[in-house]
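The chain contents come next:
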Amino acid sequence: MRKFKTESKKLLDLMINSIYTNKEIFLRELISNASDAVDKLNFKSLTNDAMHVEQDDLAIRVSFDRDARTITVSDNGIGMTADELEKNLGTIAHSGSQEFKTENAEHQGDAVDIIGQFGVGFYSAFMVAKRVQVVSRAYGEDEAHVWESDGLEGYTIEPGERAGHGTDVILTLRDNEPAKPTQPGEPAEPGENYDRYLSEWALKDLITRYSNYVRYPIQMMVTKSRQKPKPEDAGDDYQPEYEDYQELETINSMTPIWKKRADDVSQEDYNEFYKSTFHDFEDPARAISFHAEGTLEYDALLFVPGRAPFDLYSKDYEKGLALYSSNVMIMEKCADLLPDYYNFVRGVVDSEDVSLNISRETLQHDRQLHAIARRIEKKITSELEAMRDEDREAYETFFENFGRGLKFGIYNSYGAKASELADLLLFWSAKEQKLVTLAEYAKAMPEGQKAIYYAAGDDRERLSKMPVVTGVLARGYDVLLCTQDVDEFTFQAMREYVAKDMPKVYDDEAAREAAAKAVADGAEPELEDRHLELKNVATGDLDLASEDEKKQAEEATKEHEALFDAMKEALGDKVEKVSVSSRLVGEDASPACITTEGPLSLEMEKVLKRGPEGDIEGLPKTQRVLELNAQHPVFQKLVAAQEAGETDKIGLYAGLLYDQALLVEGILPEDPVAFATSVCALM
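On a predicted model such as this, the values are computed, not experimentally measured, just so you know.

Peer 1: Tell me about the overall build of the protein, and please be specific about residues and values.
Peer 2: Within the protein, the regular secondary structure consists of 20 helices and 23 strands. Computed over C-alpha atoms, the radius of gyration of the protein comes to 37 Å, more than 25% over the 26 Å expected from 2.2 N^0.38 for 683 residues, which places it beyond the range of a compact globule. With respect to the principal axes defined by its C-alpha atoms, the protein has extents near 120 × 80 × 75 Å. When contacts within the protein are restricted to residue pairs at least 6 apart in sequence, long-range pairs at least 24 apart make up 69% of them. Total accessible area computed for the protein in this model is approximately 35500 Å², and 47% of it derives from carbon and sulfur atoms. Here the protein holds 78 positive side-chain charges and 131 negative ones, and the gap between their average locations is 2 Å.

Put into structure tokens, the structure is as follows:
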């Protein structure tokens, strides 16, 4: 027996037990080695006229023997001599494939696609095999040789027999492991079942999952069923009989759809690939295919699903794109290729340039991954913008499915992603009665509007009837009706929206007139980027009142200061203050409304209370303000009660108005019984 070169026992033990995390990739590695062997022969035949190789005959064969507990991977590639077996398999971490690539780097071009890099993939066989035989005959040689090892101390190389050039790798699987005991009182963990690889279905699954796009046919004898011929003397009650038979079948599809020319792939082809690969029954909403060149060269095929997966917003959902290198799958879901707000995107990235780690399960250089991820993110964004502009109906369906994630992306980044995502958002316009973008809202604003107004709640119909909304609409300004719990948090993270290419606002009348004259004379209007504050119509001072309205409110506040103090005293710490409203104007408007001061609105308070920590003591509370409509008949009743010294009536009215305003906001009064009693007393 020959000893492994290098510190064989330690290195081989590391190979088998530490480098690979998933035992089933052994087949991927062996098929990749077989593909390299076929590639080498193919390349030499293209550069050497004396070698005659039929391209259509080049293939890889996978078979198994359940009784002998063996799996065999065969190829009709270039094969190995005894010296090459010694050099390539006797020295761990020596890569014959990498050496071949280096020697022929100037000539190989697209005709060869060598996969191997490290010379360690072969030894992954020992994760599942207790003995490995390699029977190989080099092209042009008459004699074959057999390399054999148990993966412990060393190996043997003996003369052998093989009908033609190529290599057979024969794995004798390990014995199944018994169940492993765990903690006392807990059930034992099942041991490794190596028999699971000894089935047609299991091997086909591993081939299609990891090696489906290897460029040469991977063939297996598969069992099929067919109807036997009907006997000539069969009677009327004859029942068809069936028989099983074996047929050689190519398991892999070889040519990846993402490497085909766009002109050669139809939308139906993309749809079928998407549905079969990602197990969806609906066509994708968008297919995105592109090829990137430069420092990193790669192909990407991405899909925007037509519907949201049922578990999209659950903690168990896994994002990520399938990562391939040289058509071999490295990672089924590479999460680093997608930002969280595009977690719904599915697809494939294939690059020969990424630096893989020794197990080919992850990447060595994160910067490569980040560069690909940035390009993919920009491509997804541009495709979504195109869908928004070219097919609004499809985009609105998309946004209904995935818009929450885009909003959360802004909130979760503390507004840092607002410049990239804000223009993808849609909100319901109370004025237009349809979904609009923030840019569309800004374009439709009347002259002089300096903010984007929105209202947050859980129901669009109720929001549209709220006094704080109708008051803003009555002044000619639109209000965005936000009904998702993340909406207001998103707007607070954004703080403002930069509306691009807006008509320039001039500070003085002379400049405005000069600009108007220039446009009338045929000049292009001057444009500017305008920073618009995002304002909740139920919080703070909207600054919408005219100078006369402001003056009237100040005078009413001063004149009825005693009334407001009495109402504040009756309501206690329920409100910060009672004041005259600049939002509610006219007898037809509501008599009162609840607004808030500070960053926390009523809707945000409701969302926080519904959360997992909603019942924790010390949760932030809103600073509520009871605003009164000084032009409403109810206000005159309050003034009359104050002048008559009817303190109890003022307390009753204050409580009723406060609870009524809460009900309009969709919030139950703190004491419904007291509210009902007050209504009865008033009646």
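Peer 1: Can you tell me about helix α8 (residues 392–412), naming the residues and giving the values?
Peer 2: Of all the bends in α8, the greatest, near 65°, is centred on F402. For α8, the complete set of buried residues consists of Y395, F398, F399, F402, G403, G405, L406, K407, G409 and I410. Positive phi appears at Y414, one or two residues downstream of α8, with a value of about 55°.

Peer 1: Residue-level account of the packing of aromatic side chains, with values.
Peer 2: Under the criterion given, the structure shown has 26 aromatic pairs. Relative to F489, the ring of Y411 has its centre 5.7 Å away and its plane inclined at 70°; by these criteria the two rings are edge-to-face. With a gap of 78 residues between them, Y411 in helix α8 and F489 in helix α13 (residues 487–494) connect regions that are remote in the sequence. The aromatic ring of Y313 is capped on one face by R404, whose charged end is 6.0 Å from the ring centroid.

Peer 1: Help me get a handle on the pattern of salt bridges, residues and values and all.
Peer 2: In this structure the tally under the stated criterion is 39 salt bridges. In this structure, K224 and E247 form a salt bridge, with 2.8 Å as the shortest nitrogen-oxygen distance. Taken as a pair, K224 in strand β8 (residues 218–227) and E247 in strand β9 (residues 242–250) lie far apart in primary sequence, 23 residues in all. Residue K224 is classed as partly exposed on the basis of its relative accessible area, which comes to 26%. Its relative accessible area of 32% is what places E247 among the partly exposed residues.

Peer 1: Report on the sheet that holds strand β21 (residues 577–580), specifying residues and quantitative values.
Peer 2: What the three strands build is an open sheet, ordered β21-β23-β22; its pairing is mixed. For this open sheet the edge positions go to β21 and β22 (592–597), each flanked by a neighbour on one side alone. Between one strand axis and the next, the sheet turns through 35° on average, direction left out of account. Judged from the six bridges that link them, β22 and strand β23 (residues 623–628) form a sheet pairing that is antiparallel. For T596, the partnering residue across the bridge sits in β23 and is R624.

Peer 1: Residues and numbers for the nonpolar core, please.
Peer 2: Within the largest apolar cluster, 76 residues are counted, with the highest numbers of intra-cluster contacts made by Y342, I376, F398, Y453 and L480. Among all residues touching Y342, those that are not within four sequence positions of it are E377, I380, T381, L384, L406, L421 and L424. Within the second largest apolar cluster, 55 residues are counted, among which are A34, V132, I157 and M329.

Peer 1: Account for the pairing of strand β4 (residues 129–137), with residues named and values stated.
Peer 2: Taken residue by residue, a regular strand's side chains alternate between the two faces of the sheet. Pairing analysis gives eight bridges linking β4 to strand β7 (residues 166–173), with the strands arranged antiparallel. Across the sheet, the residue bridging to V135 is D168, located in β7. Pairing geometry for β4 and strand β5 (residues 144–149), over five bridges, is antiparallel. Bridged to Q133 within β5 is E148. Once β4 ends, the chain turns through six residues before running back antiparallel as β5, passing G140 with a positive phi of about 90°.

Peer 1: Can you lay out the packing of helix α19 (residues 647–664) against helix α20 (residues 672–682) for me, pointing to particular residues and giving the numbers?
Peer 2: Each pair of packed helices can be summarised by the angle the axes make with each other and by the distance between the axes. The geometry of α19 relative to α20 is characterised by a closest axis approach of 10 Å and an angle of 125° between their N-to-C directions. Taken together, α19 and α20 sit at an angle that is classed as oblique. Where α19 crosses over α20, the handedness of that crossing is left-handed. Contacts from L652, Y653, L656, D659, Q660 and L663 in α19 reach F675, S678, V679 and L682 in α20. When grouped by side-chain class, the residues that make up the contact of α19 with α20 number seven nonpolar, two polar and one charged.

Peer 1: Lay out the sheet that holds strand β13 (residues 328–334) with the relevant residues and their values.
Peer 2: Strands sit in the order β10-β11-β14-β12-β13 across an open sheet of five strands; the sheet is mixed. The sheet is open, and its two edges are formed by β10 (286–292) and β13, each paired on a single side. Neighbour-to-neighbour, the strand axes of this sheet turn through a mean angle of 15°, independent of strand direction. For strand β12 (residues 321–325) and strand β14 (residues 346–351), the ladder comprises three bridges, and the chain directions are parallel. Across the sheet, L323 pairs through a bridge with V349, a residue of β14.

Peer 1: Explain the side chain of N343 to me, using residue names and the numbers behind them.
Peer 2: Position of N343 among the secondary structure elements: in the loop between β13 and β14. The exposure class assigned to N343 is buried, which follows from its relative accessible area of 16%. When near neighbours in sequence (up to four residues on either side) are disregarded, N343 contacts L312, Y317 and K319.

Peer 1: Any chance you could break down the environment of N76 for me, citing the residues and the numbers?
Peer 2: Structurally, N76 is set in the loop between β3 (70–75) and α3 (82–89). Through-space distance from the C-alpha of N76 to that of D57 is 8.3 Å; in sequence the pair is 19 residues apart. A distance of 2.7 Å separates a polar atom in the side chain of N76 from the backbone oxygen of D57.

Peer 1: So what's going on with unusual backbone geometry? Which residues, and what values?
Peer 2: Despite not being glycine, R69 has its phi angle at roughly 60°, a positive value. One can find R69 in the loop between β2 (60–65) and β3. With relative accessibility at 17%, the residue R69 sits in the buried group. Phi at D543 takes a positive value of approximately 55°, unusual for a residue other than glycine. With respect to the helices and strands, the residue D543 is situated in the loop between β20 (527–536) and α15 (547–559). The exposure class assigned to D543 is partly exposed, which follows from its relative accessible area of 45%.

Calculation rules
- Residues numbered from 1 in each chain as written.
- Predicted model: local features only at pLDDT ≥ 70, side-chain atom pairs only at ≥ 80, totals over all residues.
- Heavy atoms only, no water.
- Helix = DSSP H or I, 4+ residues; strand = E, 2+ residues; numbered from the N terminus.
- Rg over C-alpha atoms; globule rule 2.2 N^0.38 Å.
- Contact = heavy atoms within 4.5 Å.
- Areas by Shrake-Rupley, 256 points an atom, 1.4 Å probe, with all protein chains shown as cover.
- Lys, Arg positive; Asp, Glu negative; His and termini not counted.
- Charge placed at Lys NZ, Arg CZ, Asp CG, Glu CD.
- Bend = angle between axes of the 7 residues up to and from the residue.
- Buried < 20%, exposed > 50% of the residue type's maximum accessible area, 1.4 Å probe, protein only.
- Phe/Tyr/Trp six-rings, centres within 6.5 Å; stacked < 30°, edge-to-face > 60°.
- Lys NZ or Arg CZ within 6 Å of the ring centre and 35° of its normal.
- Salt bridge = Lys/Arg side-chain N within 4 Å of Asp/Glu carboxyl O.
- Pairing = 2+ DSSP bridges.
- Axes fitted to C-alpha atoms, helices over the stretch in contact; angles between N-to-C directions.
- Core = buried A, V, L, I, M, F, W, Y, C linked by side-chain atoms within 4.5 Å.
- Parallel < 35°, antiparallel > 145°, perpendicular 65-115°, else oblique.
- Left-handed = near helix turned anticlockwise from the far one by under 90°.
- Nonpolar A, V, L, I, M, F, W, Y, C, P; charged D, E, K, R; others polar.
- Polar contact = N/O pair within 3.5 Å; in protein donor to acceptor, adjacent residues only side chain to side chain.

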